[in-house]
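One-letter residues, chain by chain:
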Amino acid sequence: MPILETRDLTHVFPDGTVAIEDIDLKVNEGEFLVIAGPNGSGKTVLARHLNGLLKPTRGQVFLNGEPISKNIIEARKNVGLVFQDPESQIVGQTVAEDVAFGPENLNLPVAQVEMVVKESLAAVGLSQLATRSPHALSGGEKRKLAIAGILAMKPKIIIFDEPFTGLDYPGVVQVLKEILRLHKTGHTILLITHELEKVLAHADRLVIMHKGRLVADGKPESVIYRVEEYGVRMPLRDGEKVEALTWLK
Amino acid sequence: MAEMTLFHYIHKNTVLHRMDGRLKLACLLLFSLAAGFASEFHDYLVPLSVLFCAILLAKLPFTTLLREMRFFGLIILIVIVVNSFTIPGDPIANSPLAGISQQGVSTGLRFAGRLLIVLLVSMVITGTTPLMKFRDAVEWYLRPVPFVPEARVATMINLTFLLIPVILDSFREMMDAQNSRCVQLRKNPVKRIKFLVFPLIDQTLRRADEIAYAMEARCYSEIRTRTAFKCGKIDWLMLAISLAVFFFVLL
């Protein structure tokens, strides 16, 4: 049974714009899935449906076979979403306060909140910056803080919405290493990006979205040759293989 | 905004930083009331001396804070000057400036003293209290008040303080972007304001929307973990000092 599944998922905005249409997607436990597509293809809208932030116009999302609408809090605990702009995710005045936001929402006892915050900060290597203002962090550190905030909720699935946007080379490497570490520790990863050259070598599966529809789904080495048809830059050069598509040396 | 120190939390490990937020809020209230009731010279001197000691005790960067207070220094000066010239009374003997009255100068200095006390107490409180602690204290005080959703009020306080620097940053960036496109050549101030205000409101609302989504994604709830408050002997001692200052001024 897939850990996460969408059936016939459709979202129409009040002005009539169809954001996503008839999305059928199955995500298996422990999988590393990359979702690519040009701007406006519906990737972010899909991500926001996967933890119940948006309500579908038609169709449903299932977590472990159960519709997420049955228990939205459980869905949000299990499906962590790291936003494209980490600034919008920051609600604390210090790094530790921000990480504590999620566990406090879950009404965990104070001692447990403190423990989870410590663990999450240590996991992303931000323990030393616990008392700093989040706004004084670098781009890569802010993204790590956003990840720590999600880790504190102990999710099984983590969705990264354009995690490399606005980062310099060391920032991308930092974040990519963190994502791979999370995958290694058993998390299911869904990564939304159009910058395939930075990450595709590590993915188990590549899904392409175009004009709100899921148009290709399969092993990266079989789907990659069709990406240009759908407005995503072909990252492979002559003779190169998918294994070359990473910014990690 | 990251470079600003005034009215920002400065992390240090001091007695004042560790102090219980509820008692700290009570001290803020007592000092503000003391400022309001002060009338004689020593009524100002005592709270001001205690506040200077508090700044030293909290290891706040005094010279930096003083530099950043220049703007308020100007306001205090204006208050003294305006009062000196507008309040009628006995003229000051041998004064080179005509129109200054003794009563005017005295009233001006009193207002300035009050302003200074309020400024310093705000500086100490904001410099030593993280927003979450402040928020929790407000929430605790609001709990017994009927029909007031204390958790929601606390979240609103938190978000307001969080959004202010972000909005100011956006404002500065928009100003720069428009200046680089020669907005200064437009002579109509209404149009210039329009170009600035509407995009700023639009961007702020979008950002507020994003923050709301991000909070929901992390299971935002009004039934949250309640802070465990800890009151030590030193905390009560601080409150006792504040009470002593208040009663000294009152009596």
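An account of the accompanying structure is given in this report. Keep in mind it's a predicted model, so treat the numbers as computed, not measured.

Focus on the sheet that holds strand β4 (residues 58-63) of chain A
All names here are of chain A.
- One open sheet accounts for four strands, arranged β2-β1-β4-β5; its pairing is antiparallel. At either margin of the open sheet sits one strand with a lone partner, and together these are β2 (18-27) and β5 (66-67).
- Bridging between strand β1 (residues 4-12) and β4 involves five bridges; their strand directions are antiparallel. Pairing of threonine 6 across the sheet is with valine 61, part of β4.
- The sheet contacts of helix α1 (residues 43-50) involve β1, β2 and β4, and relative to β1 the element is tilted by about 125 degrees.

Points about the environment of Lys77(A)
- The residue Lys77(A) is located in helix α2 (residues 72-78) in this model.
- Filtering out sequence-adjacent residues up to four positions away, Lys77(A) remains in contact with Leu106(A), Met153(A), Lys154(A), Pro155(A) and Cys219(B).

Observations concerning the interface of chain B and chain A
- If you look at the interface, chain B gives 26 residues, while chain A gives 36 residues.
- Approximately 2,800 Å² of surface area, both sides summed, lies buried where chain B meets chain A, with 58% of it carried by carbon and sulfur atoms.
- Taken as a group, Arg218(B), Cys219(B) and Thr225(B) account for 28% of the area that chain B buries against chain A, more than any other trio of residues on that side.
- Connecting chain B to chain A are four salt bridges.
- The shortest N-O distance in the salt bridge between Glu216(B) and Arg76(A) comes to 3.3 Å.

Considerations on unusual backbone geometry
- Located in the positive-phi region is Lys211(A), a residue other than glycine, with phi close to 50 degrees.
- Relative to the elements of secondary structure, Lys211(A) occurs in the loop between β9 (205-210) and β10 (213-218).
- You will see that Lys59(B), though not glycine, has its phi angle at about 55 degrees, which is positive.

Notes on a nonpolar patch on the surface
Residue and element names in this part refer to chain B.
- Side chains of Leu29, Leu33, Phe37, Leu243, Phe247, Leu250 and Leu251 sit close together on the surface and give an oily, nonpolar patch of about 690 Å² of accessible area.
- Residue assignment for the nonpolar patch shows that the elements contributing at least two residues are α2 (21-37) and α10 (233-250).
- By secondary structure assignment, the location of leucine 243 is in helix α10.

Overview of the pairing of strand β7 (residues 157-161) of chain A
Residue and element names in this part refer to chain A.
- Summarising burial for β7: five of the five residues are buried, a large majority.
- Of the two faces of β7, the one carrying Ile157, Ile159 and Asp161 and the one carrying Ile158 and Phe160 are both buried.
- Bridge count between strand β6 (residues 79-82) and β7: four bridges; the pairing is parallel. Each residue of the ladder has a partner; that of valine 79, found in β7, is isoleucine 157.
- Handedness of the crossover joining β7 and strand β8 (residues 188-192) through helix α7 (residues 169-184): right-handed.

Here we look at the packing of helix α3 (residues 41-57) of chain B against α10(B)
All names here are of chain B.
- Between α3 and α10, the least distance of the axes is 9 Å, while the angle of their chain directions is 160 degrees. Considering their axes alone, α3 and α10 lie roughly antiparallel with respect to each other. The crossing of α3 and α10 is left-handed. Contacts between α3 and α10 involve His42, Asp43, Val46, Pro47, Val50 and Leu57 from the former and Met238, Ile241, Val245, Phe248 and Val249 from the latter.
- Along the lines of polarity and charge, the residues of the contact of α3 with α10 split into nine nonpolar, one polar and one charged.

A look at the packing of helix α8 (residues 150-179) of chain B against helix α9 (residues 189-217) of chain B
Residue and element names in this part refer to chain B.
- Their axes nearest at 10 Å, the elements α8 and α9 cross at an angle of 140 degrees. Considered as vectors, α8 and α9 are oriented oblique to each other. Two packed elements cross with a definite hand, and for α8 against α9 that hand is right-handed. Each of Thr155, Leu159, Leu163, Val166, Ile167, Ser170, Phe171, Met174, Met175 and Gln178 in α8 lies in contact with α9, whose residues at this interface are Phe195, Leu196, Pro199, Leu200, Gln203, Thr204, Arg207, Ile211 and Met215.
- Of the residues contributing to the contact of α8 with α9, the split by class is 13 nonpolar, five polar and one charged.

Focus: the pairing of β4(A)
Residues and elements named next belong to chain A.
- In this sheet, β5 lies alongside β4 in antiparallel orientation, the contact comprising two bridges. By the bridge assignment, leucine 63 is partnered in β5 with glutamate 66.
- Here β4 folds back onto β5, and the loop between the two strands holds two residues, one of which, asparagine 64, carries a positive phi near 50 degrees.

So, the nonpolar core
- One finds Leu206(A) and Ile224(A) to be the most contacted residues of the largest nonpolar core, which totals 52 residues.
- Sorting the residues of this core by element identifies β3 (32-36), α4 (95-105), α5 (110-123), α6 (139-151), β7, α7, β8 and β9 of chain A as the ones contributing at least two each.
- Residues contacting Leu206(A), with those up to four places away along its chain left out, are Val34(A), Ala36(A), Leu196(A), Leu200(A), Ala216(A), Asp217(A), Gly218(A), Pro220(A), Val223(A), Ile224(A) and Val227(A).
- With 36 residues, the next largest nonpolar core counts Tyr44(B), Ile55(B), Val121(B) and Leu239(B) among its residues.

About the criteria used
Residues numbered from 1 in each chain as written. Chains lettered and ligands numbered in written order. Predicted model: local features only at pLDDT ≥ 70, side-chain atom pairs only at ≥ 80, totals over all residues. Heavy atoms only, no water. Pairing = 2+ DSSP bridges. Helix = DSSP H or I, 4+ residues; strand = E, 2+ residues; numbered from the N terminus. Contact = heavy atoms within 4.5 Å. Axes fitted to C-alpha atoms, helices over the stretch in contact; angles between N-to-C directions. Buried area = accessible area lost by both parts, 1.4 Å probe. Salt bridge = Lys/Arg side-chain N within 4 Å of Asp/Glu carboxyl O. Patch = residues over 30% accessible without salt bridge, like charges linked within 9 Å, V, L, I, M, F, W, Y side chains within 5 Å. Areas by Shrake-Rupley, 256 points an atom, 1.4 Å probe, with all protein chains shown as cover. Buried < 20%, exposed > 50% of the residue type's maximum accessible area, 1.4 Å probe, protein only. Right-handed = clockwise from strand over helix to strand, strands pointing away. Parallel < 35°, antiparallel > 145°, perpendicular 65-115°, else oblique. Left-handed = near helix turned anticlockwise from the far one by under 90°. Nonpolar A, V, L, I, M, F, W, Y, C, P; charged D, E, K, R; others polar. Core = buried A, V, L, I, M, F, W, Y, C linked by side-chain atoms within 4.5 Å.

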